[in-house]
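Now for the letters of each chain:
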Amino acid sequence: MWRRYGALEWSKILETPIRLAREGFPAPPSLVNAVKLYSGVLSLDEGSRLAYLNPPPELWKPYRFRGLALLLESIALDPQSMYEGDVAEAIARYVEERGGVLELEDMKSYKPEWVEPLKTSYKGWTLYEIPPNSQGATTLHIMKLLEDSPSTADPYSIERFKGVVNVAIPCYRWRDLNMGDPRYMKVALEDLLGQRVIEEIKSTTPPPKSASLSRQDGDTTFYAIADRDGMVVAGIQSLFHPFGSTLTERRFQVTLNNRATGFTAERGLPNTIAPSKKPLHTLSALIMVDEGSGRVVALGASGGHYRPQLHAVFATNIVDYSMSLEEAINGPRAAWDWATGRLVVERGVKGQLREHVVERLGVANAVEVLGRVRGGATDVRGDGVPVALP
């Protein structure tokens, strides 16, 4: 991204994160609470114990990752060091020590991909999402099915959310049967939003229920940025489960993800586990363009498997209910739980509620651009605040 669009010097970009990692940043409530909640499992790994528990973070007190500062300094000199240099060697060595199967050659063979976004239209807006091996297509499938569904008068009623859920359920089942690493999919990316797939989705049966709710407390951060030139970024990163694999390389303090959890053991599917294959993952981000006014919105949220439904709720809040950006991402919400087949709701949803009530469904952020105007909104459920820089 920097090579295509960057304006600052590469090393200049990394000066602030290096300083924050070395000198410390104010530990926010989410980090303090997460370390406290998962201190037991973090203590089982030497690297995680040194990074997070020696000592644990205190609310708003400076918290340091001196190993991470070394990592960022290495990347400032040579970005490839993450995959071919000392950093890659340290990660591969640590995984091997802990009984894993990641090797240095795996790191060296990794190549980032520049992909074309998926897009569809919705009531005069163009919606863009990330293609597989992301689940971004599921958001757009839901939106295509919602376009022909009547809108409920009250955006916070349980009936409104059940309307979203009713079209979402077959979209998830189709996802689980047909999406994964695009090299193994039977459906070409250009056909993912075609009418044949939409008709298949309509006739797809719901997935089976399992025993427990999906994890509510994952390790995802979404950020949305707009600059003075009107460029927008909808960015998302995640280790998946809380602290990912809970393994942290000792020297550079890289906490490793557990995204391979996204594979299925069921045979013969695009997402069946195999060597050098990429798992279907839950990460996605949404950019919306109003073709009439030119307004651009970039938004997203944490939320794992809930994310396609959350994106659909945010998008319809803006398009169908004319909400401001702040209203769109801060109102109460509900979603279908992929793991159990149950509806889960936040407090504030109106109606006869017999569903499972949860404290929060994801944490969202968003920015918008309209002409010379820039706007930002953050979710009361998280630690973020909108920031404007000169």
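Model, not experiment: these values are computed from the prediction.

Draft legend 1. Quick look at the overall build of the protein. When helices and strands are counted, the protein shows 14 helices and 13 strands. For 390 residues, the compact-globule estimate of 2.2 N^0.38 gives 21 Å, and the protein sits close to it at 21 Å. Over its C-alpha atoms, taken along the principal directions, the protein stretches across nearly 55 × 55 × 40 Å. Looking at the protein residue by residue over its 390 residues, the buried ones come to 48%. Sequence separation of at least 24 residues holds for 64% of the intrachain contacts in the protein that already meet a minimum separation of 6. Counting only carbon and sulfur atoms, one obtains 54% of the accessible surface of the protein, whose full area is about 20,300 Å². Measuring between centres, the 45 positive side-chain charges of the protein sit 3 Å from its 47 negative side-chain charges.

Draft legend 2. Broad picture of the sheet that holds strand S13 (residues 373-378). What the six strands build is an open sheet, ordered S3-S4-S7-S8-S12-S13; its pairing is antiparallel. Whereas interior strands pair on both sides, the edge strands pair on one side only; in this sheet they are strand S3 (118-122) and S13. Between one strand axis and the next, the sheet turns by 15 degrees as a mean value, whatever way the strands run. Of the strand pairs in this sheet, strand S4 (residues 125-129) and strand S7 (residues 286-290) are connected by four bridges, and their pairing is antiparallel. Each residue of the ladder has a partner; that of tryptophan 125, found in S7, is aspartate 290. Here helix H10 (residues 136-146) sits on the sheet in contact with S3 and S4, set at roughly 20 degrees to S3.

Draft legend 3. Inspection of the layout of surface pockets at higher detail. For the second largest pocket, the calculated volume is near 230 Å³. Listing elements by their share of the lining of the second largest pocket, those giving two or more residues are helix H5 (46-52) and strand S2 (62-63). Split by residue class, the lining of the second largest pocket holds seven nonpolar, two polar and four charged.

Draft legend 4. Local environment of the nonpolar core. With 59 residues, the main nonpolar core has Leu127, Ile142, Leu146, Met288, Leu299 and Ile318 as its most contacted residues. When neighbours within four sequence positions are excluded, leucine 146 is seen to be in contact with Tyr122, Gly163, Val164, Val167, Ala312 and Thr316. Counting residues in hydrophobic clusters, the runner-up holds 18 residues, among them Leu71, Tyr94, Leu247 and Val254.

Draft legend 5. Examining helix H12 (residues 195-202) more closely. Buried within H12 we find Val197, Ile198 and Ile201. Here the buried residues of H12 occupy an arc of 100 degrees about the axis, which is enough to place them on one side. Opposite the buried face of H12, by more than 90 degrees, sit the exposed residues Gln195 and Arg196. Summarising the contacts, the buried residues of H12 are in contact with H10 and helix H11 (158-178).

Draft legend 6. Fine view of the packing of aromatic side chains. In this structure the tally under the stated criterion is ten aromatic pairs. Each ring, one from tyrosine 52 and one from phenylalanine 65, has its centre 5.7 Å from the other, and the planes form 75 degrees; the classification is edge-to-face. Of this pair, tyrosine 52 sits in helix H5 while phenylalanine 65 sits in the loop between S2 and helix H6 (66-77); the two residues are 13 residues apart in sequence, bridging distant segments of the chain. In this structure tyrosine 52 comes out as buried when scored by relative accessible area, which is 9%. Given a relative accessible area of 10%, phenylalanine 65 falls into the buried group.

Reading guide: rules and limits
Residues numbered from 1 in each chain as written. Predicted model: local features only at pLDDT ≥ 70, side-chain atom pairs only at ≥ 80, totals over all residues. Heavy atoms only, no water. Helix = DSSP H or I, 4+ residues; strand = E, 2+ residues; numbered from the N terminus. Rg over C-alpha atoms; globule rule 2.2 N^0.38 Å. Buried < 20%, exposed > 50% of the residue type's maximum accessible area, 1.4 Å probe, protein only. Contact = heavy atoms within 4.5 Å. Areas by Shrake-Rupley, 256 points an atom, 1.4 Å probe, with all protein chains shown as cover. Lys, Arg positive; Asp, Glu negative; His and termini not counted. Charge placed at Lys NZ, Arg CZ, Asp CG, Glu CD. Pairing = 2+ DSSP bridges. Axes fitted to C-alpha atoms, helices over the stretch in contact; angles between N-to-C directions. 1 Å grid on protein atoms, 1.4 Å probe; cavity = no way out; pocket = protein on both sides within 12 Å on 5 of 7 lines; lining within 4 Å. Points joined across faces, edges and corners; volume = space filled by probe spheres on them. Nonpolar A, V, L, I, M, F, W, Y, C, P; charged D, E, K, R; others polar. Core = buried A, V, L, I, M, F, W, Y, C linked by side-chain atoms within 4.5 Å. Arc of directions from axis to C-beta. Phe/Tyr/Trp six-rings, centres within 6.5 Å; stacked < 30°, edge-to-face > 60°.

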